[in-house]
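# Observations on the three-dimensional arrangement
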Amino acid sequence: MFPPLSETVSGCHVTEMQKDLIIRSMDHKDLDEILKIEETCFKTPWSRKSFENDFKKDFAVLLVAEYSGVIAGYAISWLIVDELHIANLAVHPDFRDRGIGESLIRTLLANSENYSMAGLEVRRSNKTARKLYKKLGFEEVGVRKNYYVEEGEDAILMIKHLHQNT
Ligand SMILES: CC(C)(COP(=O)(O)OP(=O)(O)OC[C@H]1O[C@@H](n2cnc3c(N)ncnc32)[C@H](O)[C@@H]1OP(=O)(O)O)[C@@H](O)C(=O)NCCC(=O)NCCS
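Here's what I pulled together on the structure shown here. (Residues numbered from 1 in each chain as written. Predicted model: local features only at pLDDT ≥ 70, side-chain atom pairs only at ≥ 80, totals over all residues.)

Right, let's talk about the nonpolar core for a bit. Leu-63, Ala-65, Tyr-74, Ala-75, Leu-104 and Leu-108 are the most contacted members of the largest nonpolar core, which has 35 residues in total. Within the residue set of this core, elements represented by two or more residues are strand E2 (21-25), helix H2 (31-41), strand E3 (60-67), strand E4 (70-80), strand E5 (83-91), helix H4 (100-110), strand E6 (117-123) and strand E8 (153-161). No other element matches E3, which puts 6 residues into this core. Not counting the four nearest positions on each side in its chain, Ala-75 is found in contact with Leu-63, Ile-86, Asn-88, Leu-89, Leu-104, Ile-105 and Leu-108. (Core = buried A, V, L, I, M, F, W, Y, C linked by C-beta atoms within 7 Å. Buried ≥ 20, exposed ≤ 12 C-beta atoms within 10 Å, placed from the backbone. Helix = DSSP H or I, 4+ residues; strand = E, 2+ residues; numbered from the N terminus. Contact = placed C-beta atoms within 7 Å.)

A few words on unusual backbone geometry. Non-glycine residue Ser-68 carries a positive phi angle of around 50°. Relative to the assigned elements, Ser-68 resides in the loop between E3 and E4. In this structure Ser-68 comes out as exposed when scored by C-beta crowding, with 10 C-beta atoms within 10 Å. Unlike most non-glycine residues, Asn-146 shows phi in positive territory, near 50°.

Below, the discussion takes up the site of the ligand. Taken together, the neighbourhood of the ligand is formed by 18 residues, with Val-91, Arg-96, Gly-101, Glu-102 and Leu-132 sitting nearest. For the shell around the ligand, the secondary structure elements donating two or more residues are E5, H4 and helix H5 (127-135). The element contributing the most residues to the shell around the ligand is H5, with 5 residues. (Near = placed C-beta within 6 Å.)

This is the structure:
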């Protein structure tokens, strides 16, 4: 099972430059701020209900990045069989290019001992996110045609093999 977040990521201070950044478990009281970020970042944002449903899933891990006390971003993964699936990731535009997205994904991956791979879908046009995932060792392994049906956009399927040498 995924270890309790309180033992693994609470108070995870990332680098000297990011000493005001804390990655912690998402709380219901964060949802208003998260929904504002979600609506700023995505053409088809998740609804409040989608986030609330994820709070109820025992296989979902919900993290927020708090920068100097302000919610700057969040990430959600689903732990399904042997896969850590990255279901959502966003950083508020005002807080980008400070390593926050990378820190969120690294935190999810740091708690992946029991999983053989991490996977996700990303829009073909999302060069920024594809570059971030490649930097973290994800490979582009397939295409899901018209995955984003409203715009008829393809998804690139990316995976990272975990613990290959263990
Ligand atoms: C994708 C996203 C989460 C990145 O968050 P971020 O905090 O700005 O990213 P980081 O500062 O951690 O950058 C980490 C790496 O991502 C890549 N990256 C980040 N911003 C980039 C940009 N503007 N152009 C190109 N590459 C970029 C780089 O590889 C960077 O590493 P480097 O600085 O060593 O080159 C953010 O742009 C975002 O919220 N976008 C909208 C929502 C989204 O697309 N979510 C992902 C859905 S799959």
